[in-house]
Amino acid sequence: MKYTVWKKVFFAFNWLCIMNMLPMKFEYIRLDGYTPEPNIRGKTKTILMDTYAWDVSELPTWNFDWSSTQQASGWSSDCVLKPVRVYKDAARTNAWIVMCEVWNADWTPHVSNSRSTIESDDGDFWFGFEQEYVMEKNGKPIWFPEKGNPDPQGKYYCGVWYSRMSHIPRRIADKHFDLCWEAWIYIDGINAEVLKGQREYGVLSKWAKKAGDDVWVSRYILMRLMEEYELDLNLNPKPVRPGDRNGTGMHCNFSNKYMREIWGEWYFTHVCKRFGDYIPEHMAVYGSENEYRLTGKHETQSIDEYSFGVSDRGASIRIPLTTVQDWRKWRLEDRRVAANADPYKVVARVVKTVQEVKYEN
Ligand code: MG
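Rules of the game
Residues numbered from 1 in each chain as written. Predicted model: local features only at pLDDT ≥ 70, side-chain atom pairs only at ≥ 80, totals over all residues. Heavy atoms only, no water. Helix = DSSP H or I, 4+ residues; strand = E, 2+ residues; numbered from the N terminus. Rg over C-alpha atoms; globule rule 2.2 N^0.38 Å. Buried < 20%, exposed > 50% of the residue type's maximum accessible area, 1.4 Å probe, protein only. Contact = heavy atoms within 4.5 Å. Lys, Arg positive; Asp, Glu negative; His and termini not counted. Charge placed at Lys NZ, Arg CZ, Asp CG, Glu CD. Donors = N, O, S within 2.8 Å, 3.2 Å for Na, K, Ca; no water. Domains from an automatic or database assignment. Buried area = accessible area lost by both parts, 1.4 Å probe. Salt bridge = Lys/Arg side-chain N within 4 Å of Asp/Glu carboxyl O. Polar contact = N/O pair within 3.5 Å; in protein donor to acceptor, adjacent residues only side chain to side chain. Nonpolar A, V, L, I, M, F, W, Y, C, P; charged D, E, K, R; others polar. Core = buried A, V, L, I, M, F, W, Y, C linked by side-chain atoms within 4.5 Å. Pairing = 2+ DSSP bridges. Axes fitted to C-alpha atoms, helices over the stretch in contact; angles between N-to-C directions.

*Asks:* Please clarify how the overall build of the chain should be interpreted in this entry.
*Replies:* The helix and strand tally for the chain stands at 9 helices and 13 strands. Relative to the globule expectation of 21 Å for 361 residues, the C-alpha radius of gyration of the chain, 23 Å, shows essentially globular dimensions. Considered along the principal axes of its C-alpha atoms, the chain spans approximately 85 × 55 × 40 Å. Here the chain holds 361 residues, and 51% of them are scored as buried. In the chain, the share of contacts with a sequence separation of at least 24, taken over all contacts with a separation of at least 6, comes to 67%. The average position of the 48 basic charges and that of the 49 acidic charges among the side chains of the chain differ by 4 Å.

*Asks:* I tried to follow the coordination of the magnesium ion on my own but got confused; where do I start?
*Replies:* Reference geometry at the metal: tetrahedral coordination by four donors gives ideal angles of 109.5 degrees; octahedral coordination by six donors gives 90 or 180 degrees. In this structure, E132 (OE), E193 (OE) and E200 (OE) serve as the protein donors to the magnesium ion, at separations of 2.0 to 2.3 Å. Each donor residue of the magnesium ion belongs to the same chain, with the gaps between them written as E-x60-E-x6-E. Pair noted here: E132 is in strand β5 (residues 126-137) and E193 is in the loop between β7 (187-192) and β8 (198-206), with a separation of 61 residues, a long-range link.

*Asks:* I would appreciate a short explanation of the domain arrangement of the chain in the present structure.
*Replies:* Where interface size is quoted, it is often the accessible area lost as the parts come together. The domains assigned to the chain are domain 1 (23-116) and domain 2 (126-354). Relative placement of domain 1 and domain 2: their C-alpha centres are 26 Å apart. Opposite the 18 residues of domain 1 that make contact, domain 2 presents 21 residues. Of the roughly 1,900 Å² buried at the junction of domain 1 and domain 2 (both faces included), carbon and sulfur atoms supply 65%. Taken as a group, I40, Y87 and R115 account for 31% of the area that domain 1 buries against domain 2, more than any other trio of residues on that side. The interface formed by domain 1 and domain 2 contains 3 salt bridges. One salt bridge connects D89 with R224, and the closest N-O pair in it is separated by 2.6 Å. If you look at where domain 1 meets domain 2, you find 8 residue pairs in polar contact (both at pLDDT 80 or more). For the side of domain 1 that touches domain 2, the secondary-structure elements that each account for two or more residues are β1 (22-31), β3 (79-88) and β4 (95-104). Considered class by class, the residues forming the side of domain 1 that touches domain 2 number 10 nonpolar, 1 polar and 7 charged.

*Asks:* Is there a simple way to think about the nonpolar core in this case?
*Replies:* The nonpolar side chains of a soluble globular protein tend to be buried, and buried together. Ranked by size, the top nonpolar core spans 69 residues in total, and within it F127, F129, I185, F254, F275, L332 and V350 carry the most contacts. Top element by residues in this core is helix α4 (residues 208-227). It accounts for 10 residues. Inspection of this core shows a minimum of three residues originating in each of domain 1 (23-116) and domain 2 (126-354). Among the nonpolar cores identified, the runner-up in size contains 17 residues, and M49, F64, C79 and C100 belong to it.

*Asks:* Which parts of the structure should I look at to understand the sheet that holds strand β2 (residues 40-49)?
*Replies:* Whenever strands of a sheet pair, they do so through backbone hydrogen bonds, lying parallel or antiparallel. Taken together, the 4 strands give an open sheet; going across it, the order is β2-β1-β4-β3, and neighbouring strands pair in mixed fashion. Bordering the open sheet on either side are β2 and β3, each of which pairs with just one other strand. Each adjacent strand pair in this sheet contributes to an overall mean axis angle of 35°, direction not counted. Relative to β4, β1 is paired through 5 bridges, and the arrangement is parallel. Across the sheet, the residue bridging to Y28 is V98, located in β4.

In structure tokens form, the structure reads like this:
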């Protein structure tokens, strides 16, 4: 046969193979190298899959322009995107979101890879992050006047009233709720918060690394959704300064199996005391500019103090009343974490401190 005929046969064969495959969009996302808080970056890769029943380990590694994201200083530096977890991307058709870690070419974790600092990931830990956020336009919370502040806060928390709340934040919060659920991120609740334009959603996750992944992917889904409304996501711990306005936090609820299943007031108390031994270590990973939020006002403890107490929303760590009722209702709440904290660093530190407390009385 002539070469041109062989060529046609070859292309026909290839086309038939492609027709039996499923082209799918995979949005590879990861953290960049900016400090103190990284940004999320993402780009889409089309991959032909022969089935929906695949595992994240089957997805290929990928590359990036690393010098544009503060992760490579020289022309010869190169890194690798390594897929670690996949989520359904319900905002696009045939699409998935792929959380990735950044590795060096020699297969050591890149310095920006905070996920790799989580030493223990054995399923013992559950985390419930209360992610607060502010919707922002042109550098100000939405519907703030050009100059000065709106009316004193107080009527916005869990509010419903068009002239006060508008319809856009609720539309975004509800849509975000649905998109996260479809991605199998367990949002356990949402509400309007104290500051105008401020909202909150809760993310409940088992396993430390999954907790970090879920928070980062939920933030990514939220930012992409807000783009459609020409709004930005502001996670600064004190978005309005000065003034009598609430800050924006990400309270970290946590437990291990012992706290959930074994009796013991002493154990909860020892965990709280041990957190007091590592105040600088915890504050170092609880978000930048947090000193503007932790003032001792607006349901916070001062950044210079450490305390824990039952139902105390002014304490560093709150012991929920349900925990006290039989001392095994699963959780403690570290209220110091700021909204802009890297959840990977937070869970890594919390796990480390809690694991130092021995189970024996
Ligand atoms: Mg809140």
